[in-house]
Amino acid sequence: MKWEKLIQSGFRMPFYMNLYVRGAILDIEKIIGLKYKDNLIVLENQINTVYFSPELQKNIENVVRSKVVSKKFAKSFLSTFEKADKDLLAFCADLKFTDFSKLNKKILVKQLGQFSALFRAKFSIYGLPVIVDMALAEVLPTILNKTLSNEDLMVLTRPEKHSEYVKERRHFIEMVMLVKSKKLEDLFLCSRADIIDGLARYNPEIYYKLENHVRDFGWVGVSHNVQPTTIDVLIKNITEGLKDHSLAKELDQINEETLTRKKQKLIFSLKLNEKSLQVIKFITRLNEIKESRKVAMSKSILWSYPLFDAIATVLETDTISLRQLTLEEIIVSLKTGGLSSKLKLTIRDRLNLYVCLAKNSTVSNFSGVEAEKILKNELGTVDYSKAQKLSGNVAQKGLVQGKVRLIISEHEVHKLLDGEILVTSMTDPDMISAMKKAGAIVTDEGGITCHAAIVARELKKPCIIGTKIATKVLKDGDMVEVDANTGVVKILKRNEK
C-alpha cells in the first residue's frame, strides 16, 4: 500500500495542517534521527485524515528497537515534548490578554509568525507518540526479557499522575455527586435560566464550582472551531450525568490509590531486568504525553483566537475562512492589503477539499479539481461495499452483536445509543461517555497502550483496535458481530438505507 492511515480526527483547518506537515519534515529527524520525507494530509469538509508511508513505519520500528533502551534517547525524546508545550502555552497565554485592535499589520504579521513557529514545533510531533506506540507493538517482545499480557502491560505503563483530562473528569463527577447529595435533581429538569437562578440564589457553593470548572477546564473539547465549554454546556452535561449511575464507581477508580502498589507488586513478581524497566518507564511517560498533547493544542488554539480574529477583521473575512489559508498566504494578504480574488476562490475550494502532500521533503498544497486528481492518484479508489469482515488486534476480549454507530468527530458522541458498536478512527477523552454506553469498540488506529485499549479494559468492553479500515467498511446501522476473542468483525447485515 502506498499510504497508510495514521490519524483521523474531527474539525481541522488547512492553516494548522500545513504547519503539521512542514514541521514534520523539519523536526522529526532531529528527534529520532530518521528523515520524515513523505506525508499526506486530506481534509474533506474539514474532517482531517493523516497518512504516512508503511516504509516509514518499518524504519521507525528499527529506530525504536535500537534506541528505546537508551536513557539518553528517552530523556531527549520526552523533554522535546515538554519544551514544545511549555514554549507554546507561555506565548499563547500572553496572546489571550492582548488588545489586537491597537496593533498595526506589521505587528500582526510578527505575532502570527511567532505563534506559527511555536505551534509548528508542537504540532509537527503530535503524531510521533502514536507512531512510536505502533512500533512498540511490533518490537516489544524482542526488547523485553519476557512477553507480557495486555493486562500486565496496562498496569505497568499506566500514567503515574493524572492528566488534565482526568482531573477535569474527576471535578465534573464530583459536581454531579454534589448535586445528588443536595437532592437537586429536579432543579436540573428546569430551564437553563431557572437552574442558574436556583443555584446562584440558594446553592452558591455549587454555582461557584461551575464557574471554576468553566474557568479551569473551558478548553476541554476545544477543536479548531474554537468553542470552549460554557456554563450552559456544563449544565447540559451535568443534567446528562445525573442519569449515569456508574459515575460513583468511575470516581472510585480515578481516586484509586492501589495502582502504584499493584504496579510494584507486578514488577517484583515478573522479575523484570533493568533494561525492561527502562522500556516500561519510557512507555509510561509516552502514555502521559499521549494524554497531554491534545491539552496544549486545545489551549493554544483557544488562547490564540483573538489574534486570528484581529487578522480576519483586517482582511474583511471570518476566522474559519481565514484559516483555510497557509501562513504564507495570510502574510502576503496582510502585506498587500487584502485577500485576492484567487485566494477567495481557494478558500471556497478548501472548505470542501484540501490536500497537503510532502514528497521527498517538498510540500505542496492542492484544492478543488487539482486536489481531487492528486487524491485519486495517491490513494486510488477502493470499493468496500462487498467486504464481509475485517480484522485487527484484540484490546479487550469478548463477543458482542449490535448495530454500528460511526463516530468520526468527538462532537458526534451524543448520537451513540446504549449497546451500539462504537466504530471510530481512535477514541480520546471526549468519548468516555459514548464508550461507557457502547456494546463494543472498534477502531482504525491504535497501539498496545492506546486510549481505546486502556479504557476498554477498565470498562470490560470488547474492543478491537488497529483494523485500519473499520470507518471505511462499516456504516451506521450495519448489524455486526464483534469477536474480540479472535480480533474479527463480521458484517451480519448491511444497512441499505
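Residues numbered from 1 in each chain as written. Predicted model: local features only at pLDDT ≥ 70, side-chain atom pairs only at ≥ 80, totals over all residues. Heavy atoms only, no water.

(A) Molecular detail of the nonpolar core. Formed by 95 residues in total, the largest nonpolar core has its most connected members in Tyr20, Ile32, Phe77, Phe115 and Leu136. Once residues lying within four places of it in the same chain are set aside, the contact partners of phenylalanine 115 are Phe15, Tyr16, Leu88, Phe91, Cys92, Leu95, Ser300, Ser304, Leu307 and Phe308. (Core = buried A, V, L, I, M, F, W, Y, C linked by side-chain atoms within 4.5 Å. Buried < 20%, exposed > 50% of the residue type's maximum accessible area, 1.4 Å probe, protein only. Contact = heavy atoms within 4.5 Å.)

(B) Up close: the side chain of threonine 229. For threonine 229, the position within the fold is in the loop between α9 (204-217) and α10 (231-241). On the basis of relative accessibility, which here comes to 17%, the residue threonine 229 falls in the buried class. Residues contacting threonine 229, with those up to four places away along its chain left out, are Val214, Phe217, Gly218, Val220 and Leu234. (Helix = DSSP H or I, 4+ residues; strand = E, 2+ residues; numbered from the N terminus.)

(C) Here's a closer look at the sheet that holds strand β12 (residues 479-483). Strand order in this open sheet of eight strands is β6-β13-β12-β8-β9-β10-β11-β7, and the pairing throughout is mixed. Every other strand in the sheet has two partners, leaving β6 (389-391) and β7 (393-396) as the edge strands with one partner each. Here the strands of the sheet are splayed against their neighbours by 30 degrees on average, with no regard to which way each runs. One ladder, built from three bridges, connects β7 with strand β11 (residues 463-465); its direction is antiparallel. Looking at β11, one finds that asparagine 393 is bridged to isoleucine 465. (Pairing = 2+ DSSP bridges. Axes fitted to C-alpha atoms, helices over the stretch in contact; angles between N-to-C directions.)

(D) Fine view of the side chain of glutamate 378. Among the secondary structure elements, glutamate 378 is positioned in helix α18 (residues 368-379). Side-chain polar atoms of glutamate 378 contact the side chain of lysine 2, separated by 3.4 Å. Of the polar contacts made by the side chain of glutamate 378, one reaches the side chain of tryptophan 3; its length is 2.8 Å. Leave out the neighbours within four places in its chain, and glutamate 378 touches Lys2, Trp3, Leu40, Leu357 and Lys359. (Polar contact = N/O pair within 3.5 Å; in protein donor to acceptor, adjacent residues only side chain to side chain.)

(E) Molecular detail of the pattern of salt bridges. Considering all chains together, one arrives at 30 salt bridges under this definition. For lysine 182, the salt bridge goes to glutamate 205, with nearest N and O atoms at 3.6 Å. On the criterion of sequence distance, the pair formed by lysine 182 in the loop between α7 (164-181) and α8 (192-202) and glutamate 205 in helix α9 is long-range, its members being 23 residues apart. Arginine 405 is paired through a salt bridge with aspartate 476; the nearest N and O atoms lie 3.7 Å apart. You can see arginine 405 sitting in strand β8 (residues 399-407) and its partner aspartate 476 sitting in the loop between α21 (470-473) and β12, a full 71 residues away along the chain. (Salt bridge = Lys/Arg side-chain N within 4 Å of Asp/Glu carboxyl O.)

(F) Broad picture of the sheet that holds strand β3 (residues 47-52). Judged by pairing direction, the sheet is antiparallel, and its five strands sit side by side in the order β1-β3-β2-β4-β5 without closing on themselves. Each edge of the sheet is formed by a strand with only one pairing partner; in this case those strands are β1 (4-11) and β5 (362-367). The sheet shows a mean angle of 15 degrees between the axes of neighbouring strands, taken without regard to direction. Pairing of β1 with β3 involves six bridges; the strand directions are antiparallel. Residue serine 9 lies in a different strand from β3, and its bridge partner there is asparagine 48. In the packing of helix α1 (residues 14-32) onto the sheet, contacts are made with β1, β2 (39-44), β3, β4 (353-359) and β5, and the angle to β2 comes to roughly 175 degrees. Lying on the sheet, helix α5 (residues 128-143) is in contact with β1 and β3; it crosses β1 at an angle near 140 degrees.

(G) Examining the pairing of β8 more closely. For β8 and β12, the ladder comprises five bridges, and the chain directions are antiparallel. The residue bridging glycine 402 from the neighbouring strand is valine 480, located in β12. Across four bridges, the pairing between β8 and strand β9 (residues 421-424) is parallel. Bridged to valine 404 within β9 is isoleucine 421.

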